[in-house]
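In case you want the letters, here they are:
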Amino acid sequence: MAVERYNPKESEPKWRQVWNERKLFETRNDDTRPSYYVLEMFPYPSGRIHMGHVRNYAMGDVVARYKRAKGFSVLHPMGWDAFGLPAENAAKANKIHPREWTYANIATMRTQLQSMGLSLDWSRELATCDPSYYRHQQKMFLDFLKSGLVDRKTAKVNWDPVDETVLANEQVIDGRGWRSGALVEIRELTQWFFKITDYGQELHDALEGLTRWPEKVRLMQKNWIGRSEGLLIRFALESNTFGQSELEIYTTRPDTLFGAKFMAIAPDHPLAKAAAARSPELQAFIEECKRTGTAQEAIDKAEKLGFDTGLRAVHPFDPSWTLPVYVANFILMEYGTGAIFGCPAHDQRDLDFVNKYGLGNIPVVCPEGVDPESFVITDTAYVEDGRMINSRFLDGMTIPEAKEEVARRLESETRGNQPVGTRKVNFRLRDWGISRQRYWGCPIPIIHCADCGTVPVPDADLPVKLPDDVSFEKPGNPLDHHPSWKHVACPNCGKPARRETDTMDTFVDSSWYFARFTDPWRTESPTDRKVVDRFLPVDQYIGGVEHAILHLLYSRFFTRAMKATGHAGLDEPFAGLFTQGMVVHETYRAEDGTWVEPGDVRIEANGSERRGFHVETGAPIEIGSIEKMSKSKKNVVDPDDIIASYGADTARWFMLSDSPPDRDVIWTDEGVQGAARFVQRLWRLIGEIAERTGNSVGAAAEFGEAALTLRKASHRALHAVGADIERLGFNRCVAHIYTLTNAIAKALDGAAEEAALSSDMAFALHEAATIVTQLVAPMMPHLAEECWHALGQPGLVGEASWPVADAELLRDDSVTLPVQINGKKRAEVTVPADADTVSVEAIVRSSQAVIKALDDRPIRKIIVVPGRIVNVVV
RNA sequence: GCGGACGUGGCGAAACUGGUAGACGCACGAGACUUAAAAUCUUGCGCCCUAAAGGCUUGCGGGUUCGAGUCCCGCCGUCCGCACCA
């Protein structure tokens, strides 16, 4: 009778081989069924997969397998985000070519991923470092260029002195390079840009429609794009000292114009430069600003500093009112016009500034219910709602009214045939600088000719391939100091010219891989419009929040750019987005403070107290806080070890079971063991059922109470698990499966004494076993195949359709309602499920328990919530 | 500083649109089987006071409601994002 233990080491590779042989997960582009595209963010081939990958891909696989069972043509591909700096760092450190290093890592990680039993279509595998991929990226770069979506301009860039490369703004964190951690310097370079700002408005507005994205991500993108409505105002300068007669500013608060106390311009504003030419002191001040520029200010909350240029600007509503013009360290040239008017009463920065230089302030917005005479601003600017005061024709207006009035007046006023004021929508978002002075990236397909300028590489010459023979001895870009690579003839005039030696930001690579997956074999163009438009958008995209802004925003832009150039037909690449939580683990430290790996720690539990000891030395180990798994804190668990000792199914099950998927999950030994125990328990139950019921079980005409109870449990679980997979509530799915398993065990236990099973119970048990196998299949696919086989089911569970719950069995004939008296539960009544309010009331009134609890108090009112609860008010 | 999310037993958590708080799992306690252990099974498990009955309980304080973990207001705490964006 004893069922043999389930052995994942034998079963798992066996079933994977069967799936492969039958090409179960390969998706045909000519499949006519409705498609469903599940995608997890593709990994960087760093060397080995980690638990974060396991969690990410386990989640995606549940969705993919479930949707496949639901009859969709599921696209679930995998590839490699294979360009990037670590390959070059490895090249420097280990004298290994980046390509070799990358492909070796890919090979390792592919094997690891395959051991997880993921339902991936490996025939579509791609690596972004492969010329067959990046040639299309080069083609699209040139198409974008033709369509005016690419710009080449000098720009101040963030220069990482350690990595010797340019960083995007987004890659600078607290003034330091996101990867190297080095203090970033500002340099001026000529760079290639994608004109993402052309789509600022659209990228902003379309967020509204991304209803299957986390609110958090949409908000982060919205803030990043930073749309604001305001007014450009041209202030006349009192004297034309530096060949400029006016100063244009941008403001979102034109209503506060009568509270203006000063003007301020950025240290690199043209007017500041002009003024500095005549003033060594100002020149020195500007230099000072540059030095304190990027890094320190965030840390030190830099003091507001200014330098009076001596210039005076004329107030647009009063020619006799002039304002001093300062160069100020807190004004950014990159935003607006690099110049502002300062209204200290209603802007904290401006207030700090005037308080430092003794310029005073005039409040012009007074809170409702406060006497304007006594309303004084000292240290805290007033930025809330109110009515206009001290503002001549604006007095008494609300802020929006005043804004409108100022805009209207300044728009209609002209100076030199131009309106003084212009409404303007401004964005915080900047263009996307894609040039990187690196080797291991996609070459930018441009040739620089002294006569013809920048010349696109002709289509026929694509791809521009990276040369293999490069050296990483010298700092800087190996492409640049390669002896011959950059020397070519100009495609236009044939004269000697040189290649662009910059390569593209790797975020470009990941901005369209999801589109390439739809037809990765295609050679003549990046995509096949028919195919790409059929599969895209991705129905469910899953990855970490760390990509909430960069990768997702770039991809949204790139998809639009692909539409503009005819490579795709849609705007939004990801219809559904899910950001999963991290895998965290306890940390352990030895007495000397060094971190200790979990494998070297033995935990002894004594009641609720836990103490750690070193496995070998027995020395006490301090159990520390729970942190994200990281090599530096050594609190990592290697997926390979887990899969080797427990099997992939156990690892997957545990990753899905404990926490809601968007929250962090704590990896614990006890948790994995619990998962492993469940694997055996389920196998044992299925085995017993298979043994006792045999493989073919006919339907019974009637069901006894025990059998009916089990059937109801099966169909309820089926219903609930389906609904929860749709909501990505994997932890809830697991709970439902446990509940059903308990019900099966109970039924089996009840039937244990009987020599032969009654036919109704045999049917119910076999049905329950089949259903639980199918419910478990998306999460533990190998075990499910083994169970499926044991139950004598035909074919593979991996190709079976999702069962349909019997609505009859989801219904109950009678329900037990709690009865509250004044909101406290005092009794229960059992009533027919379809009982109406009146009859429930009658049953409640006559219930002995209720009468007792009422204790002679008169009933004032009875509230019946059908199927839910009864509340008696006395 | 600005913006956002969250706060439920010893722990991870459930509770769909307000309707029996704590499903399910982990840990732990008791018991069975065993020479013993592991595995497995049975059983208990929010807190307080109990002989029983009761009372209290979703970070804290108010409010709305017949009824609040859920809605509203004000605090406290934790985490995340942005950070001189005019």
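Report on the accompanying structure. (Residues numbered from 1 in each chain as written. Chains lettered and ligands numbered in written order. Predicted model: local features only at pLDDT ≥ 70, side-chain atom pairs only at ≥ 80, totals over all residues. Heavy atoms only, no water.)

Details of the overall build of chain A
Then step 1. Counting secondary structure elements, chain A contains 26 helices and 38 strands.
Then step 2. In terms of its C-alpha atoms, chain A occupies a principal-axis envelope of roughly 110 × 85 × 65 Å.
Then step 3. Of all 874 residues assigned to chain A, the portion counted as buried reaches 53%.
Then step 4. Expressed as a percentage of contacts within chain A between residues at least 6 apart in sequence, the contacts between residues at least 24 apart total 71%.
Then step 5. Just so you have it, chain A exposes about 39,400 Å², and 49% of that area is on carbon and sulfur atoms.
Then step 6. A distance of 2 Å separates the average location of the 102 positive side-chain charges in chain A from that of its 122 negative side-chain charges. (Helix = DSSP H or I, 4+ residues; strand = E, 2+ residues; numbered from the N terminus. Buried < 20%, exposed > 50% of the residue type's maximum accessible area, 1.4 Å probe, protein only. Contact = heavy atoms within 4.5 Å. Areas by Shrake-Rupley, 256 points an atom, 1.4 Å probe, with all protein chains shown as cover. Lys, Arg positive; Asp, Glu negative; His and termini not counted. Charge placed at Lys NZ, Arg CZ, Asp CG, Glu CD.)

Description of the packing of helix H19 (residues 669-693) against helix H21 (residues 730-750)
Then step 1. Where H19 meets H21, the closest approach of the two axes is 11 Å, and the angle between their N-to-C directions is 40°. As the angle between them shows, H19 and H21 are arranged oblique. Here H19 and H21 pass one another in a crossing that is left-handed. Contacts between H19 and H21 involve Gly674, Phe678, Arg681, Leu682, Leu685, Glu688, Ile689 and Arg692 from the first element and Ile737, Tyr738, Thr741, Asn742, Ile744, Ala745 and Leu748 from the second. (Axes fitted to C-alpha atoms, helices over the stretch in contact; angles between N-to-C directions. Parallel < 35°, antiparallel > 145°, perpendicular 65-115°, else oblique. Left-handed = near helix turned anticlockwise from the far one by under 90°.)

Some points on helix H5 (residues 131-146)
Then step 1. With 16 residues, H5 ought to run about 22 Å at 1.5 Å a step, and its terminal C-alpha atoms sit 22 Å apart, in line with that.
Then step 2. Considered for burial, the residues of H5 that qualify are Tyr133, Tyr134, His136, Gln137, Gln138, Met140, Phe141, Leu142, Asp143 and Phe144.
Then step 3. One side-chain oxygen at the N-terminal end of H5 lies 2.9 Å from the backbone nitrogen of serine 132; it belongs to aspartate 130. (Expected span 1.5 Å × (residues − 1). Polar contact = N/O pair within 3.5 Å; in protein donor to acceptor, adjacent residues only side chain to side chain.)

Looking at the nonpolar core
Considering soluble globular proteins, one finds that nonpolar side chains tend to be buried as a cluster.
Then step 1. Counting residues in each nonpolar core, the largest one holds 171 residues, and the members touching the most others are Phe141, Phe194, Trp432 and Trp667.
Then step 2. The residues contacting tryptophan 667, other than those within four sequence positions of it, are Met51, Val583, Val584, His585, Met629, Val637, Ile642, Phe654, Met655 and Val672. (Core = buried A, V, L, I, M, F, W, Y, C linked by side-chain atoms within 4.5 Å.)

Concerning the pairing of strand E38 (residues 869-873)
Then step 1. Burial of E38 is extensive: four of the five residues sit out of reach of the surface.
Then step 2. The pairing of strand E35 (residues 814-821) with E38 spans three bridges and is classified as parallel. By the bridge assignment for E38, glutamine 820 is matched with asparagine 871.
Then step 3. Counted along the chain from strand E37 (residues 861-865) to the antiparallel partner E38, the turn is three residues long, and its residue glycine 867 has a positive phi close to 75°. (Pairing = 2+ DSSP bridges.)

Describing the protein's contact with RNA strand B
Then step 1. The full set close to RNA strand B counts 46 residues, and Thr252, Tyr335, Arg349, Arg868 and Asn871 are the nearest of them.
Then step 2. Each atom of RNA strand B within 4 Å of the protein belongs either to a base or to sugar and phosphate, the latter forming 62%.
Then step 3. A distance of 3.2 Å separates a sugar or linking oxygen of RNA strand B from a polar side-chain atom of threonine 251.
Then step 4. In the environment of RNA strand B, a base nitrogen lies 3.3 Å from a nitrogen or oxygen atom belonging to the side chain of arginine 430.
Then step 5. Contributing elements (two or more residues each) for the surface near RNA strand B: helix H7 (215-225), strand E11 (246-251), H19, H21, E35, strand E36 (824-832), E37 and E38. (Near = heavy atom within 4 Å.)

A closer look at unusual backbone geometry
Then step 1. A cis geometry characterises the amide bond from leucine 462 onward to proline 463, with omega recorded as 0°.
Then step 2. By the secondary structure assignment, proline 463 is in the loop between strand E24 (453-456) and strand E25 (487-489).
Then step 3. Along the chain, leucine 536 connects to proline 537 via a cis peptide bond; the corresponding omega equals 0°.
Then step 4. Relative to the helices and strands, proline 537 resides in the loop between helix H15 (529-535) and strand E28 (540-544).
Then step 5. Positive phi values are uncommon outside glycine, yet lysine 23 reaches one of about 50°.
Then step 6. Note that lysine 23 resides in the loop between helix H1 (8-21) and strand E1 (35-40).
Then step 7. Here the phi dihedral of arginine 392 falls at roughly 50°; this positive angle occurs in a residue that is not glycine.
Then step 8. Looking at the element boundaries, arginine 392 is found in the loop between strand E17 (387-388) and helix H12 (399-412).

Read these as layout, nothing more, since geometry by itself doesn't imply function.
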